[in-house]
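# Coordinate inspection notes
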Amino acid sequence: MNKILLIIQREYLSRVKKKTFLLTTFLVPLFFIGMYVGVFFLTKQSFEDSKALIYVVDNTKEVGNQLKNTDQITFTESTEELNNQIQKIKDLDGNTNILFIPEDFYQTHNIEFLSSGKPNIATKGQVESQLENILLEYQYKELNIDASKIKSIDTKVSTAAKEITASGEAKDSDTRIAMGIAMALSVLIYLSLFLYGAQVMRGIIEEKSNRIIEVIISSVKPFQLMMGKIIGIGLVGITQFILWIILSFGLIAIASNTLIDKNEFQKEMMQNSPEGTEIGSGSIMSEINTAMEAVNIPELLISFFLFFIGGYMLYSALFAAVGSAVDNETEANQFTMPITTPLLLAYILSFGVLVNNPHGPIAVWLSFIPLTSPIAMLVRIPFGVPTWQIALSFILLVGGFVFTTWFAARIYRIGILMYGKKASFKELIKWFRYKS
């Protein structure tokens, strides 16, 4: 036991002290905060760049007068013929356009939208929206329909989604938030298991190729060495996760309060949102807050760390076996693909099958199979999963880890001292059958 602890300490400290650990620990949160701030400023800049000047050549002599300027579009009545107006704007930069309305517009509903460059889709859409409203008003008059009465009709349905709990109570729920959390967890756990598992494999390959392993193996058993490496690198991963969470929340709070004017951002979003939406009015934020309250955050965080640890231990044992069997990473590719296929399958299915039917038979079975449960169960938890299923899934995952560790250790004890021989699946089976 003491030898395993010494190996854990060696692996942990050797990686934590590396510059790469410090860089990734601090740069990853900064990268995401940079994206967060960058999205805001790029969105704001896109609003500025999309402001358009539109010259209206109106042969109907009445449609153009009904077009209204907005914060993004300025309409200017043109006194020129269409061809003359085209010559005037053809060399202009920016979002400069010509709207040609033919004399038979009310009958044909056809227009021409000419731009000095490629037509801006958002500008074109807003022009079409205004013209459609003008056509609608015209047809109301033709049919002697009172437009004000029709506009007063309200058909909007507001749904209060409720979830019936085991106790029979109804609580607020929102599937959209659950889907967002589920997909985020799916990406995070997939990348984490793959990256940290690969670190175990690379560490073993490096020590094996440098012959350092021969010195270490003289004082510790192969199983102790393997477990020490797995646990040590796993603790490094947990340390990074904790630091990422603390740094990310702290930096997001600072960026939100100092770099971004929320009122200005909400105003921009309201001005550029489709008519009838309530972005920036507070309703969307209240819906998000209500939906977040329906998610059991403590259960989610505890489950994430438990399934990350269990999944990491399981896959790292397999990666360790692969690392011991090969002399370089190129040879390892033939073995890593079969190992990671179940994880990749669960990751792909999480974006379709699991989020659309989290309580269906496929989702339930995938959350019980140890090779897929780290992703499948974490995707299901935001939708509400019985505690007994979470507990059973974790117990099976631990059992899977024990089995894979035993399996990997039998290969590791032989492969760690094998040099110059290209391993195959047949060779691995032979190593597994060797008696101690």
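Only a predicted model underlies this, so the values are computations on that prediction, with no experimental measurement involved.

### Structural notes on the nonpolar core
Generally speaking, nonpolar side chains in soluble globular proteins are found buried as a group. The biggest cluster of nonpolar side chains holds 70 residues, and the ones touching the most others in it are F308 and Y312. Of all the elements, helix α12 (residues 297-325) adds the most residues to this core, at 15 residues. Those residues in contact with F308, other than ones at most four positions away along the chain, are I189, S192, L193, Y196, I238 and F241. Among the nonpolar cores identified, the runner-up in size contains 15 residues, and V63, L67, L99 and F105 belong to it.

### Comments concerning the sheet that holds strand β4 (residues 112-115)
The sheet built from 4 strands is open, its strands ordered β2-β1-β3-β4 with mixed pairing. This sheet does not close on itself; its edge strands, each paired only once, are β2 (73-77) and β4. Each adjacent strand pair in this sheet contributes to an overall mean axis angle of 25°, direction not counted. Bridge count between strand β3 (residues 96-101) and β4: 4 bridges; the pairing is antiparallel. Bridge assignment links L99 to a residue of β4, and that residue is F113. Strands in contact with helix α3 (residues 82-89) are β1 (52-58), β3 and β4; relative to β3, the strand with the most contacts, it is inclined by about 170°.

### A closer look at unusual backbone geometry
In the Ramachandran plot, K61 falls in the positive-phi region, its phi being about 65° despite a non-glycine side chain. Note on placement: K61 falls in the loop between β1 and β2. Of note, the phi angle at N144 is positive, near 55°, even though the residue is not glycine. Note that N144 resides in the loop between α5 (121-142) and α6 (147-151).

### Remarks on the UniProt feature "transmembrane region" (unreviewed entry) in the protein
According to UniProt, the "transmembrane region" (unreviewed entry) feature falls on residues 21-42, 177-200, 212-235, 241-260, 300-323, 335-355, 362-383 and 389-412. Between the end C-alpha atoms of residues 362-383 there is a gap of 15 Å, over a span that is 68% helix and 0% strand. Annotation note: span residues 389-412, helix share 100%, strand share 0%, distance between end C-alpha atoms 33 Å.

### What about the pairing of β3?
Look at any regular strand and the pattern is simple: side chains alternate between the two faces of the sheet. Buried residues dominate β3, accounting for 6 of its 6 residues. Burial along β3 is two-sided: the face carrying T96, I98 and F100 and the face carrying N97, L99 and I101 are both buried. In terms of strand pairing, β1 meets β3 through 6 bridges, oriented parallel. Of the residues in β3, the one forming a bridge with D58 is I101.

### Quick look at the pattern of salt bridges
A complete count under the given rule lists 2 salt bridges for this structure. Ionic pairing is found between E80 and K88, a salt bridge with its closest N-O pair at 2.8 Å. Using a relative accessible area of 52% as the deciding quantity, one classes K88 as exposed. For the salt bridge of K124 with E128, the shortest nitrogen-to-oxygen distance reads 2.9 Å. You can see K124 and its partner E128 sitting in helix α5, 4 residues apart, about one turn around the helix. Judged by relative accessible area, K124 falls into the partly exposed class, the value being 36%.

### Some remarks on the packing of aromatic side chains
Taken as a whole and assessed by the stated rule, the structure comprises 13 aromatic pairs. Look at Y106 and Y138: their rings are 3.9 Å apart centre to centre, the planes differ by 15°, and that puts the pair in the stacked class. Of this pair, Y106 sits in helix α4 (residues 105-108) while Y138 is found in helix α5, placing the two residues 32 residues apart along the sequence. Pairing Y347 with F351 gives two aromatic rings, centres 5.3 Å apart and planes at 85°, and the pair type is edge-to-face. Separated by 4 residues within a single helix, Y347 and F351 lie in helix α13 (residues 329-356), roughly one turn from each other. A relative accessible area of 36% means that F351 is categorised as partly exposed.

### Regarding α12
End to end, α12 covers 41 Å across 29 residues, agreeing with the expected 42 Å (1.5 Å per residue, within 8%). When you tally the buried positions in α12, you get 21 out of 29 residues, the bulk of the element.

### Some thoughts on the packing of α12 against helix α15 (residues 373-380)
Running from amino to carboxyl end, α12 crosses α15 at an angle of 170°, the nearest separation of the two axes being 9 Å. Looking at the two axes, α12 sits roughly antiparallel to α15. Residues S303, F304, F307 and G311 of α12 pack against S373, P374, M377 and L378 of α15. A breakdown of the residues in the contact of α12 with α15 according to their chemical character gives 5 nonpolar, 3 polar and no charged.

### With respect to the pairing of β1
Of all the 7 residues making up β1, 5 are buried; the element is thus mostly covered by neighbouring parts of the structure. Pairing between β1 and β2: 5 bridges, direction parallel. What sits directly across from A52, in β2, is I73.

### So, the packing of α15 against helix α16 (residues 387-415)
As a packed pair, α15 and α16 sit with axes 11 Å apart at the nearest point and diverge in direction by 170°. Overall, the two elements α15 and α16 adopt an arrangement that is roughly antiparallel. Where α15 abuts α16, its residues S373, P374, M377 and R380 lie against Q389, I390, S393 and L397. Looking at the contact of α15 with α16 residue by residue, the class counts come to 4 nonpolar, 3 polar and 1 charged.

Basis of the calculations
Throughout this description, residue numbers start from 1 for each chain and increase along the sequence as written. Reporting of local features is limited, given that this is a predicted model, to residues whose pLDDT is at least 70; pairs of side-chain atoms are given and counted only at 80 or more, and all residues count toward the totals for whole chains, interfaces and linings. With hydrogens and water stripped out, all remaining heavy atoms of the structure feed into the side-chain values. Each nonpolar core is a collection of buried residues, namely Ala, Val, Leu, Ile, Met, Phe, Trp, Tyr and Cys, held together in the definition by side-chain atoms within 4.5 Å. Buried means the residue's accessible area, taken with a 1.4 Å probe over protein chains only, is under 20% of the maximum for its type, while exposed means over 50%, and partly exposed covers the values in between. A run of DSSP states H or I qualifies as a helix once it reaches four residues; a run of E qualifies as a strand once it reaches two. Both are numbered from the N-terminal end. In what follows, residue pairs with any heavy atoms lying within 4.5 Å of each other are defined as contacts. Here a strand pair is declared whenever DSSP counts at least two bridges between the two strands. Between the N-to-C directions of two axes lies an angle of 0 to 180 degrees, each axis being a line fitted to C-alpha atoms and, for a helix, fitted only over the stretch in contact. UniProt positions are given in the numbering used here, feature names are shortened, and annotations may be inferred rather than shown by experiment. What counts as a salt bridge is simple: a side-chain nitrogen of Lys or Arg found within 4 Å of a carboxyl oxygen of Asp or Glu. Two rings from Phe, Tyr or Trp (for Trp, the six-membered ring) form a pair when their centres sit within 6.5 Å of each other. Planes less than 30 degrees apart are called stacked, planes more than 60 degrees apart edge-to-face, and all others tilted. The span you would expect from a helix comes to 1.5 Å times its residue count less one. Should an angle lie under 35 degrees it is considered roughly parallel, over 145 roughly antiparallel, and from 65 to 115 roughly perpendicular; all remaining angles are considered oblique. Under the scheme applied here, ten amino acids are nonpolar (Ala, Val, Leu, Ile, Met, Phe, Trp, Tyr, Cys and Pro), four are charged (Asp, Glu, Lys and Arg), and all others, including Gly, are polar.

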